[in-house]
Amino acid sequence: MIEVSWSQVSARRLERQALAAPSKGGTPADVVAAMCGAHAQVMSAAELSVALRLDGATRVDVRRALWEERTLVKTYGPRGTVHLLPARDLPMWVDALSRLPLGHNAFPEGIRMTAEQTAEVIEAIRVVLDGRDLTIDELNDAVVGLTGPWAGDLVMPAFQTMWPRWRQAMATAAHHGAFVFGPPRGRKVTYTSPPPSPAPAPAAVPAEEATGAGAHAEERAPGGGAALDGAVELLRRYLTGYGPATPEQFARWIGAPRSWAARVFEAAGPEPVAFHGGTGWVVPGDIAAPAQPPAGVRLLPYFDAYVIAGRPRELLYPGAANSRALAGGQAGNFPVLLVEGTVAGVWHQRRSGRRIRVTVETLRPLTRAQYRELDDQVARVGEILQGRPELTLGPVAVGPHA
């Protein structure tokens, strides 16, 4: 096998993530496609993640792509978390995510839904959102009105209140292409139907999905034996952006059992390479790496795709970064300072009007040239967020994001 070094892998990922240099002439949809989705639970962080990869872009450009041009969609993506995805790729994502085998349902009997109820809720969401933008309260009334009072029973503990039963199917409904997030109505979130596309039919809801009965997902056949075309294409894109990678790493990233990921690898037929004392896989023939080693200083926001998908963690978070910039082993809970492709600090920004106070805590010495690059990055953050940035070097007192 061909052997690749961490330096080569790091330089390759930076280049393909438009972090070695921002993309000139690219679009938000282009860079989000290369990222395999932008985590959007914290929307301001998603806007920063996308815009910093585009030459001269600001948060306004990302918002325009999402809410006006509709070239991006906001929906539930990998691991059931909210992501921005390219609208043109939504059929692939729906095909892949709707076929994920789901694990044991943690809700006790009396709260969890049956497979039939889950399928009924998904179809109800699809019907009531056709051509409409609804808030969660409006969506609740419409879904309960179409399915029955059982769907509206307040049985789900959530944020010191109780949610109706049907809401446990929200992520599954999004994975089946029933809805995406709609434009905000003031401070309220809305939901709407996906943009028109020649989407393949999503997989049926597995019979075990809502009951939690029987074997765990680790032991079940992936997608009930359904075709894996969407998952194979998604794996190829993942390996293009973050390879070399293993089935276990892909499984963690997408939120699936290792056995399912292994089946997708088998169907895709990736090429093995020697990496980090073991074997990783890349798209066949895709072993090229930049001639120069990884370089540059970048400020990555919460849950940036580069650190969420990037592995091995011990190489991406070397030395002190392993304990300081990870939260219980989880990446993304701290915004990070990236130096030459690896995590070298944490940072935080606090906004007051147009003033943006940026505090950077370095975990290793920087050269004068790197400090100048850091100044440039702080200025770029201010440009993207449309504020006046001020840099302070010192400890970051803010804890990790939940």
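Residues numbered from 1 in each chain as written. Predicted model: local features only at pLDDT ≥ 70, side-chain atom pairs only at ≥ 80, totals over all residues. Heavy atoms only, no water.

Caption draft 1: Region of the structure containing the packing of aromatic side chains. Following the criterion strictly, the structure yields 15 aromatic pairs and no others. Taking the centre distance of 5.6 Å and the plane angle of 80 degrees together, the rings of Phe 179 and Tyr 191 count as edge-to-face. Taken as a pair, Phe 179 in the loop between helix H8 (170-175) and strand S8 (180-185) and Tyr 191 in strand S9 (residues 188-192) lie far apart in primary sequence, 12 residues in all. Judged by its relative accessible area of 1%, Phe 179 falls in the buried class. Residues Phe 265 and Trp 281 carry aromatic rings whose centres are separated by 6.1 Å and whose planes lie at 90 degrees to one another, so their mutual orientation is edge-to-face. Taken as a pair, Phe 265 in helix H11 (residues 258-268) and Trp 281 in strand S11 (residues 278-282) lie far apart in primary sequence, 16 residues in all. Residue class for Trp 281 comes out partly exposed when judged on its relative accessible area of 24%. Linked through ring pairs, Trp 93, Tyr 238, Tyr 242, Phe 250, Trp 253, Trp 260, Phe 265 and Trp 281 together constitute an aromatic cluster. Over the ring of Trp 163 we find Arg 167, and its NZ or CZ is 3.7 Å from the ring centre. (Phe/Tyr/Trp six-rings, centres within 6.5 Å; stacked < 30°, edge-to-face > 60°. Helix = DSSP H or I, 4+ residues; strand = E, 2+ residues; numbered from the N terminus. Buried < 20%, exposed > 50% of the residue type's maximum accessible area, 1.4 Å probe, protein only. Lys NZ or Arg CZ within 6 Å of the ring centre and 35° of its normal.)

Caption draft 2: Summary view of the environment of Asp 229. Here Asp 229 shows up in helix H9 (residues 229-242). Judged by its relative accessible area of 60%, Asp 229 falls in the exposed class. Sequence-wise, Asp 229 and Arg 372 are 143 residues apart; in three dimensions their C-alpha atoms are separated by 46 Å.

Caption draft 3: Structural view of the confidence of the model for the chain. Across the chain, pLDDT averages 92, with 92% of residues at or above 70. Scored below 50 in pLDDT, residues 208-226 makes 38 contacts in the model with residues more than four places away or belonging to other chains. (pLDDT = per-residue confidence, 0-100. Contact = heavy atoms within 4.5 Å.)

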